[in-house]
Amino acid sequence: MFSRWLISLTNWYSCVFIFAVMQHCCSTHAWEPTWESLQSRPLPKWFDEAKFGIFIHWGVFSVPSFGSEWFWKNWKPDNEYGAFVNATERPGFTYQEYASRFDAALYDPKQWAKLFGNSGAQYVVLTAKHHEGFCNWDSRDSVPSTWNWNAMDVGPHRDILGDLAAAVKTEVSPFTQKTLRWGVYHSLLEWFNPDFRADIAANFSTSHFRDRKTMPELYDLVKKYEPELIWSDGHWDANDSYWRAPEFLAWYATNSSVAETAVWNDRWGKRGGGAYISGHDHYQPGKLLPYKWENALTIDAHSWGFRRNGTYEEYLSTENFIHELIETVAFGGNMLLNVGPRADGTIDAIFADRLLGIGSWLKVNGEAIYGTIPWAVAQNQTNEVYYTHKPNDGVVYVITTVWPKGNVLHLDAPTATPNTKVKMLGLTVHENGALDGFLSWKYMPVGLGSGGKNGKGLEINVPPLTPDIVPCQHAWVFALTGLADHVGNADQSST
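Residues numbered from 1 in each chain as written. Predicted model: local features only at pLDDT ≥ 70, side-chain atom pairs only at ≥ 80, totals over all residues. Heavy atoms only, no water.

Below, the discussion takes up the overall build of the protein chain. Within the protein chain, the secondary structure is distributed over 13 helices and 15 strands. Within the span of the protein chain, comprising 495 residues, buried residues form 57% of the whole. In the protein chain, of all internal contacts separated by at least 6 residues, the share reaching a separation of at least 24 is 72%. A total of about 20,000 Å² of accessible surface is found on the protein chain, and carbon and sulfur atoms cover 52% of it. (Helix = DSSP H or I, 4+ residues; strand = E, 2+ residues; numbered from the N terminus. Buried < 20%, exposed > 50% of the residue type's maximum accessible area, 1.4 Å probe, protein only. Contact = heavy atoms within 4.5 Å. Areas by Shrake-Rupley, 256 points an atom, 1.4 Å probe, with all protein chains shown as cover.)

Spatially, S8-S9-S15-S11-S12 is the arrangement adopted by the five strands of the open sheet, whose pairing is antiparallel. Each edge of the open sheet carries a strand with a single partner, namely strand S8 (385-390) and strand S12 (438-439). Of the strand pairs in this sheet, strand S11 (residues 421-424) and S12 are connected by two bridges, and their pairing is antiparallel. Its bridge partner lying in S12, Lys-423 is registered against Phe-438. (Pairing = 2+ DSSP bridges.)

Further remarks concern helix H12 (residues 318-330). For H12, built from 13 residues, the straight-helix expectation of 18 Å at 1.5 Å per residue is met to within 8% by its first-to-last C-alpha distance of 18 Å. Thr-318, Phe-321, Ile-322, Glu-324, Leu-325, Ile-326, Thr-328, Val-329 and Ala-330 are the residues of H12 that are buried. Gly-332 occupies a position one or two residues after H12 and carries a positive phi of about 95 degrees. (Expected span 1.5 Å × (residues − 1).)

The tally for this structure, following the rule as stated, stands at 26 salt bridges. Of the charged contacts in the structure, one is a salt bridge between Glu-190 and Lys-213, with a shortest N-O distance of 2.6 Å. Here Lys-213 lies in helix H9 (residues 208-225) and Glu-190 lies in the loop between strand S3 (181-187) and helix H8 (194-201), a separation of 23 residues in the sequence. With respect to class, Glu-190 is no different from Lys-213; both count as buried. When salt bridges with common partners are traced through the structure, they connect Lys-129, Glu-190, Lys-213 and Glu-217 into a single cluster. (Salt bridge = Lys/Arg side-chain N within 4 Å of Asp/Glu carboxyl O.)

On to the confidence of the model for the protein chain, then. The predicted model of the protein chain averages 90 in pLDDT, with 88% of residues at 70 or higher. Note on residues 1-26: pLDDT under 50 across the span, and 45 contacts to partners over four residues away in sequence or across chains. Note that residues 488-495 has pLDDT below 50 and, in this model, 27 contacts with residues that lie over four places away or in other chains. (pLDDT = per-residue confidence, 0-100.)

Another aspect to go through is the packing of H9 against helix H11 (residues 245-254). Two elements in contact, H9 and H11, have axes whose closest approach is 11 Å; the angle formed by their N-to-C orientations is 10 degrees. In terms of axis orientation, H9 runs roughly parallel to H11. Contacts between H9 and H11 involve Met-215, Leu-218, Tyr-219, Val-222 and Lys-223 from the first element and Glu-247, Phe-248, Trp-251 and Tyr-252 from the second. Of the residues belonging to the contact of H9 with H11, the class tally is seven nonpolar, no polar and two charged. (Axes fitted to C-alpha atoms, helices over the stretch in contact; angles between N-to-C directions. Parallel < 35°, antiparallel > 145°, perpendicular 65-115°, else oblique. Nonpolar A, V, L, I, M, F, W, Y, C, P; charged D, E, K, R; others polar.)

Take the sheet that holds strand S2 (residues 123-129) next. If you trace the seven strands from one edge of the open sheet to the other, you get S5-S4-S3-S2-S1-S7-S6, paired in parallel fashion. Across the chains shown, the open sheet's two edge strands, defined by having one partner strand only, are strand S5 (263-264) and strand S6 (293-298). Two elements, strand S1 (residues 52-56) and strand S7 (residues 333-339), share five bridges in a ladder whose sense is parallel. Considered in S7, the bridge of Ile-54 is made with Leu-337. Sitting on the sheet, helix H6 (residues 109-119) is in contact with S1, S2 and S7, with an inclination near 145 degrees to S1.

This paragraph deals with the pairing of strand S14 (residues 456-461). Sheet topology places strand S10 (residues 408-415) next to S14; five bridges connect them, and they run antiparallel. Considered in S14, the bridge of Leu-409 is made with Ile-460.

Attention now moves to the packing of aromatic side chains. A complete count under the given rule lists 50 aromatic pairs for this structure. Aromatic side chains Trp-58 and Phe-102 sit 5.3 Å apart centroid to centroid with 85 degrees between the ring planes, which places their arrangement in the edge-to-face category. Placement of Trp-58 in the loop between S1 and helix H4 (71-74) and of Phe-102 in the loop between helix H5 (80-88) and H6 is noted, with a sequence separation of 44 residues between them. Ring geometry for Tyr-219 against Phe-248: centres 5.1 Å apart, planes inclined by 90 degrees, an arrangement best described as edge-to-face. With Tyr-219 in helix H9 and Phe-248 in helix H11, this residue pair connects regions lying 29 residues apart in the sequence. Residue class for Phe-248 comes out buried when judged on its relative accessible area of 0%. It is Lys-421 that lies over the ring of Phe-438; its NZ or CZ is 5.2 Å from the centre. It is Lys-423 that lies over the ring of Phe-438; its NZ or CZ is 5.9 Å from the centre. (Phe/Tyr/Trp six-rings, centres within 6.5 Å; stacked < 30°, edge-to-face > 60°. Lys NZ or Arg CZ within 6 Å of the ring centre and 35° of its normal.)

Structural data, given as structure tokens:
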């Protein structure tokens, strides 16, 4: 069974690598509007290599900025949301009145793109429309049913999505020297849309909402803004047959201007599929899977949108996200980290601090993250030691989230040879002042691991480092070359 699983994983990674060579042909492939056809499409190489993206939840819910982005749905007269409205607004106040205050007065999309680039993220996904139905783009002509509930008619009076799309597409990552990729989040459903409520009442035997709203929106977004990733949500009420998701995705992957590089998640109805698995929020399987997946999570532990009632303790630490990124990448996933801007378009300093903290770590250790694949021999040794791999370079990266006890890092999985070399990323100075950066190591002693010369296991001697020499905080990376087993079964391309 294990060998069959490895073959499955091998084939998946082979598709990723083969697609790098063949993707110029893919736009000429007519993908059929079936999940079977769409699931057979190779995953575009860029998505697997990117590893880290930014999610942005921004909308009318950013005006009250209380509780969560589900403010409108959660608002009841006798709960905390009702009490908040009673304390801050006039009697008879409606949710729609918040929209005029969603002004984006201080919104600077180029500044946002620069921040995201400096965080180390390689793709950006903005909320085009959340479950409240407000469209963050100029949807007026293409989707008339969005009248007076879009960013041009009310609130910003500006195409805030289009402006960010333009900024992201011209921002070059200082880590990979590649232009950032652009994506959109889109909710299939809308809580209080009359057409959707009518379709629900008809047990989805009618499709007024889909035909007048959801599908026109998706086609409009792709044609106008060319997102290379569509992050679908709001999938739980109806099946994919109601949404006609396969028909749209077949067009997206075959005939759209971004067909060659298009990627989508798996939230397209009660039954459906995706180019990758997004699972539940903060999806972290804790093991290697035979398919690509993504871990979408928030800096604010309790909300995707900005909360004025959030406390410092409820914002997760930089160290938490670095460790989350390491585990996610080691097990074959991408991390999509969410920020919630204010209604005026500013991003609070605590969000920027977390993003730049991740960027600081990636500046030293990015080569162990970007473009790597899981090491089939082992993905982790403990919850503190993880592995990634670049088979073409013959490098296995060992990432430890705690400083080695006694300055000795014990590794069970690698099989060393006399040609094995170990280097700590970012370390250019030894205790003796040498600049070669290579560390001493020895075979694992008999009785520990497999033991013995050329047996599994080695011990790396890590020099005690002063604060002015230690290359980074939170986690440390060791690059191993010359291993007997640097290429594992799951890393090989099939023939």
